[in-house]
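The chain contents come next:
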Amino acid sequence: MQVAPLTKSIGAEIRGVSLAEAARNDNVFGAIRDALLKHKVLFLRKQDISRADHVAFARRFGELEDHPVAGSDPEHPGLVRIYKDLDSPKEHYENAWHCDATWRQAPPMGCVLRCIETPEVGGDTIWSNMVMAYTDLPDTVKEDIEGLWASHSIQSTFGAAMPETRRKALKDQYPDAEHPVVRTHPETGEKALFVNSFTTHFINYHTPARVRFGQDFAPAAANLLTYLQGRAAIPEYQVRWRWEPNSVAIWDNRCTQHYAVQDYWPAVRKMERAGIIGDRPF
Ligand code: SIN
C-alpha cells in the first residue's frame, strides 16, 4: 500500500489497495486507519466494489447511521444517498463548510464516501484541517474561546425550509446539541476548532468579563462565531478532490470540515456515504 500526501496540510492518496480486501484484512485495515489519523482524509481511485463491500469496510470503524433527511439505500441501511439530479436543482446542503451531523449529541467519527456518477466538469469536494485552523489562531483568541460551548441545530439548517410542523418534529427528535468550541481528538489528543455551519450560537459567552453594556454580548459573540466559522475557508488548510466514478474519500469528521462544490447543475452527481457513529465531543 502506498500513501502519497496531496498537500503538506491535509489529505493523502492511497494506492495499491482494494477496500473490499481492506474490509476483510486486519493489517490492511490497520494501515488505512493509521494513515487516516495522520492525514485526516484519504482518497482512493478505481474502487469498483459492491455496496455490501462499501458498508463492510466502513463498519470496520464502527456502527453506521442513517440520516433523517437524506434517504439511504433500501438494501444497505447506513448507506446514505447523496443524489443530485434534475429533481433537486434548488437543494443546498453540502455546499457550506461543515462537519457532518454536529446537530447530533454524538456526531459521526468519520465517513466513507464513494462516487457513483460525476458531472463531466465540476462537483469537486474540498476538505479543511480544523487542527491547523485552531493551532494558527492568535493566542488572544485561543484564550477567549477556552471553555466556550456552542449550540448546533438541525432545525435551523435541514429543517429551515420545511413546513413548521415537520421542522418542529425534527427538532423534537434531534434537540439542539451543545459541543465545546474546541474539541480534543479522542485518539490523537490534538485540539480542533469545532464550529461549522450547523452552529447557531455560543451557550456561555455572556459572562460579566465580556459584557459591559446590556446587549453588547450579542454582536461580539456573533462576530467571533463568524470569524471562527470562516477559518475552514483558508486555502492553506485545504485539499480539493476531483471525483471519478468509483473514487472514494474517507475522512475523520472529528478534525476536518468539508464543502461539496455545487458548480455543475443541471448535470447529475451521485454519491453514497457511509457515516460512522462517533463519540460525544469533549
Ligand atoms: C457530505 O457533505 O457529506 C458529502 C460531500 C460530497 O457530496 O462531496
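Whatever comes next refers back to the structure up there.
Colleague: Just give me the short version of the sheet that holds strand β14 (residues 256–260), but keep the residues and values in it.
Modeller: The antiparallel open sheet is built from 3 strands, whose spatial order is β12-β6-β14. Only two strands of the sheet have a single neighbouring strand rather than two, namely β12 (238–241) and β14. Recorded for the sheet is a direction-independent mean angle of 20 degrees between the axes of neighbouring strands. Examined bridge by bridge, strand β6 (residues 125–129) and β14 share 5 bridges and lie antiparallel to one another. Each bridged residue has a counterpart across the sheet, and for I126 the counterpart in β14 is Y259.

Colleague: I'd love a proper account of the pairing of β6, names of residues and values included.
Modeller: Most of β6 is tucked away: 5 of the 5 residues are buried. Burial along β6 is two-sided: T125, W127 and N129 facing one way and I126 and S128 facing the other are all buried. Direction of pairing for β6 relative to β12: antiparallel, over a ladder of 4 bridges. Pairing of I126 across the sheet is with R240, part of β12.

Colleague: Please give an account of the sheet that holds strand β11 (residues 199–202) that cites residues and values.
Modeller: The sheet built from 3 strands is open, its strands ordered β8-β7-β11 with antiparallel pairing. Here the strands that pair on one side only, and so sit at the sheet edges, are β8 (177–180) and β11. For this sheet, the mean angle separating the axes of adjacent strands, direction not counted, is 35 degrees. Examined bridge by bridge, strand β7 (residues 149–152) and β11 share 3 bridges and lie antiparallel to one another. The residue bridging S151 from the neighbouring strand is H201, located in β11.

Colleague: Summarise the nonpolar core; cite the residues concerned and give the values.
Modeller: The biggest cluster of nonpolar side chains holds 27 residues, and the ones touching the most others in it are L19, I32, L42, F57, F61, V112 and I250. Where this core is concerned, the elements lending two or more residues are β2 (12–15), α1 (19–22), α2 (26–39), β3 (41–44), α3 (51–59), β13 (248–252) and β15 (269–276). In this view, F57 contacts L19, A22, A23, F29, I32, V112 and I250; residues no more than four positions away in its chain are not counted. Listed in part, the 26 residues of the second largest apolar core include V141, V181, V182 and Y205.

Colleague: Would you mind going over the site of the ligand in detail, with residue names and values included?
Modeller: For the ligand, the full set of nearby residues is I82, E94, H98, D100, L113, T125, W251, H258, A260, R269, M271 and R273. A distance of 2.6 Å separates an oxygen atom of the ligand from a polar side-chain atom of T125. In this structure, an oxygen atom belonging to the ligand sits 3.0 Å away from a side-chain N or O atom of H258. For the ligand, the accessible surface in isolation is 260 Å², of which the surrounding protein chains cover 100%.

Colleague: Would you mind going over α2 in detail, with residue names and values included?
Modeller: Its 14 residues give α2 an end-to-end C-alpha distance of 20 Å, which sits within 8% of 20 Å, the value for a rise of 1.5 Å per residue. What α2 keeps buried is the set V28, F29, I32, A35, L36 and H39. The buried residues of α2 all sit within an arc of 125 degrees when viewed along its axis, so they share a single face. Looking at α2, the residues exposed on the side facing more than 90 degrees away from the buried face are D26, N27, D34 and K38.

Colleague: Outline the side chain of R114, listing residues and values.
Modeller: With respect to the secondary-structure elements, R114 resides in strand β5 (residues 110–117). In this structure, R114 is buried with no salt-bridge partner, the nearest side chain bearing the opposite charge being E272 at 4.7 Å. Polar contacts involving the side chain of R114 include one to the main-chain carbonyl oxygen of Q47, which spans 3.4 Å. Among the polar contacts listed, one links the side chain of R114 to the side chain of N246, at a separation of 2.6 Å.

What counts, and where the lines are drawn
Residues numbered from 1 in each chain as written. Predicted model: local features only at pLDDT ≥ 70, side-chain atom pairs only at ≥ 80, totals over all residues. Heavy atoms only, no water. Pairing = 2+ DSSP bridges. Helix = DSSP H or I, 4+ residues; strand = E, 2+ residues; numbered from the N terminus. Axes fitted to C-alpha atoms, helices over the stretch in contact; angles between N-to-C directions. Buried < 20%, exposed > 50% of the residue type's maximum accessible area, 1.4 Å probe, protein only. Core = buried A, V, L, I, M, F, W, Y, C linked by side-chain atoms within 4.5 Å. Contact = heavy atoms within 4.5 Å. Near = heavy atom within 4 Å. Polar contact = N/O pair within 3.5 Å; in protein donor to acceptor, adjacent residues only side chain to side chain. Areas by Shrake-Rupley, 256 points an atom, 1.4 Å probe, with all protein chains shown as cover. Expected span 1.5 Å × (residues − 1). Arc of directions from axis to C-beta. Lys, Arg positive; Asp, Glu negative; His and termini not counted. Salt bridge = Lys/Arg side-chain N within 4 Å of Asp/Glu carboxyl O.

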